[in-house]
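Below, each chain spelled out in residue letters.
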Amino acid sequence: MLTAEVNISFGSTLCPVLVDFVAVFLSYSALFIRTTVSCDVCFPATALLQSAEVCRLIHGAAGGGLNFTQVTGTIDAEGIQILQKDEPFNENDCVSAECFENMPNLRYLLADNVKFQGTFPCFPTDLKWLQLESCHFDSLPSDFNLEELVILDLYKTNMAPILINQLSLKLKAFERLKVLSLCRVETKITLNFTNLPSLVKLQFLDCSALTTIDESIGKLKNLTHLSTPDCRFLLKLPDSIWRLSSLEVLNIYGCFKISSLPEQLGELGSLKKLDVSFTDIKEVPDSICRLSSLEILILRCTALCSIPEGLGDMEALKKIDVCHTLIEVVPDSICQLKLLKSLNLRECPLLCSLPERLGDMEKLEELILDNTRIEIIPDSVGQLKSLRLLSLEGCKLLKALPISISQLSSIQQLNMSGTSLTSSENNLPHLAAIEFTGSSSELLGLCDQTHKALEILHMKDAIIEELPDCIGRMENLKELRLECEMLKELPNRIEGSLENLTQLEVRSMHLKALADSIGSLKQLLMLSLMCENLEALPDSIGELENVVFFKIESAKLKALPDCIGSLKRMWTLELNCVNLKALPNSIGRLEELKEFEVWSNSVEALPDSIGLLKHINKLELQCPNLEILPDSIGELESLVYFEVDSHRLKYLPNSIVSLTRIWA
């Protein structure tokens, strides 16, 4: 079934800023608002297609489909979207090219999963934005007139390569085109770019057949963005790329076949971002150090063995990401980068040391060293007055932190899990988040320090059986994550109130019950209990009046307390409890519930009260022994996703036909 969509006006004046197009989608029974694409393109004012006219387009068609030819008179529309949702092409649902003859002011057209037929001499000549997704043409539309086009976006559309190549040979066909985006288009070689003088953004997304970019790309003097992510068979960048004097962004992420960069890459004086992640590049040309405007350098190349010594000459750099590489040394010159804010060296398994003058990078805010072979952190680290995050997760060879660590006046997050470091080794009164692997005594030491600012505590693989009462002294704690398989109990009495705690996650193989004190966590929004042997929930769980997300994973939990119906603000409830026998009737009191998942081998029926969940839009029942669904299931008026997995369910209730919003 085809539907139509109307775009808002593009504005009354030319505006050189990013424009968000908000579309009003009119279906047979509902009104939706959604945001579509954004782009740096200016549009002049035109009239809007009114809602009444859209309804006429939809309802006026034979069989409920969309047929523009049945609408008489001129349609003063600026933007229309034609959508055919996830259905195969149907001869009766074709859109004829002649349909657009009475839309002279059309500026934006999106067609999704639509079959076009006919010729296109009457296609709107003022069209600015053409977006075709999974569309099909019976024959090559050689008579397209797209001289005013500014944006062309093609996704999985047949004949797209032929169409573009043919039109690009016409002198004025794409003279005004600023954005060209091809996604999953089957083409081995790009078009000749000679006749696209205005092109600003060019992207080939997941074009798996693409092997070559035409050398004529060097003529695009206005091009600022070139992206070829996930073009897995692209062999190399064109040598002429150095001529792109306006290029600001170059992204070849996921181009596995590219093994080198052009030697003259350093001539791209305007380049601000370079991402060559997940390519086969083993070394970077020294000329890259001449990229004086570069701010972001991402070299996530698993074969990369070194980075240039002259890296420190790139004075504008703010972010360097070389994680997942085989580099052994970070060049000393990196310490000259006075504007650098983020240095990511995560997962560099051969990296053993850091430059001694690390502290010279006065603007550095993030230093990530996870899973490296670093043995010593230089004393100069204490000079990093702007450092907010220091991540040392999995640095098993790191035996101690320097005394100067206490001088980090801006530090907010310290990750030490998977190391032999202890939390008592530092004195960081400003710390807002800490992640570490430790014991009960270390946690007590953490409590005894002046961690008034601590907001996030994550204990990962910690050897701890009992959470001490003093945890309540962390008065500003907002997130508490306990991945402690040995944990047997939470404290019966919480010293202090943890009145600011909003998130509690517990993962343990030995925790069998929760203390009644959990009901005192009045600000809790998220509660996740992944406790295989949890046997029961206390009645005080019903006092958590602000919880919106509740997840339980347990093989021993057989019943939920009735008080769970008191969690009136809950949006998401996930129950992965294989031995849960039944759901309480009070479940129907969860008035705001939107997503409900049940995984149980023992549930045989649902309570009738489930029909009271008027706001639920997703219901997933992985219950192999479920025998019956109540008639009230048909009262779930907001339900759009419904999945049942049961080998004992023999029939569906008649009321199921009332679920008119279920996705096809």
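Calculation criteria
Residues numbered from 1 in each chain as written. Predicted model: local features only at pLDDT ≥ 70, side-chain atom pairs only at ≥ 80, totals over all residues. Heavy atoms only, no water. Patch = residues over 30% accessible without salt bridge, like charges linked within 9 Å, V, L, I, M, F, W, Y side chains within 5 Å. Areas by Shrake-Rupley, 256 points an atom, 1.4 Å probe, with all protein chains shown as cover. Salt bridge = Lys/Arg side-chain N within 4 Å of Asp/Glu carboxyl O. Lys, Arg positive; Asp, Glu negative; His and termini not counted. Charge placed at Lys NZ, Arg CZ, Asp CG, Glu CD. Helix = DSSP H or I, 4+ residues; strand = E, 2+ residues; numbered from the N terminus. Buried < 20%, exposed > 50% of the residue type's maximum accessible area, 1.4 Å probe, protein only. Pairing = 2+ DSSP bridges. Polar contact = N/O pair within 3.5 Å; in protein donor to acceptor, adjacent residues only side chain to side chain. Contact = heavy atoms within 4.5 Å.

(A) Looking closely at a positive patch on the surface. Where like charges cluster on the molecular surface, the positive patch consists of Lys-488, Lys-512, Lys-556, Lys-558 and Lys-581. In this structure, Lys-581 sits in the loop between strand S28 (572-576) and strand S29 (595-599).

(B) Up close: the pairing of strand S26 (residues 526-531). With five of six residues buried, S26 lies mostly within the body of the structure. Two strands pair when backbone bridges link them, and strand S25 (residues 503-508) and S26 are joined in this way by six bridges, in the parallel orientation. What sits directly across from Ser-508, in S26, is Cys-531. The sheet contact formed by S26 and strand S27 (residues 549-553) spans five bridges and is parallel. For Met-530, the partnering residue across the bridge sits in S27 and is Glu-553.

(C) Region of interest: the side chain of Asn-533. Its place among the elements puts Asn-533 in the loop between S26 and S27. Since its relative accessible area comes to 19%, Asn-533 is described here as buried. In terms of polar contacts, Asn-533 uses its side chain to reach the side chain of Lys-556, at 3.1 Å. Apart from residues lying up to four places away in sequence, Asn-533 is in contact with Met-509, Leu-511, Lys-512, Ser-554 and Lys-556.

(D) Highlighting the sheet that holds strand S7 (residues 115-117). Within the open sheet, the three strands sit side by side as S5-S7-S9. Their pairing is parallel. Strands with a single pairing partner mark the edges of an open sheet, and in this sheet they are strand S5 (95-96) and strand S9 (136-137). By the bridge criterion, two bridges tie S5 to S7 in an arrangement that is parallel. What sits directly across from Val-95, in S7, is Phe-116.

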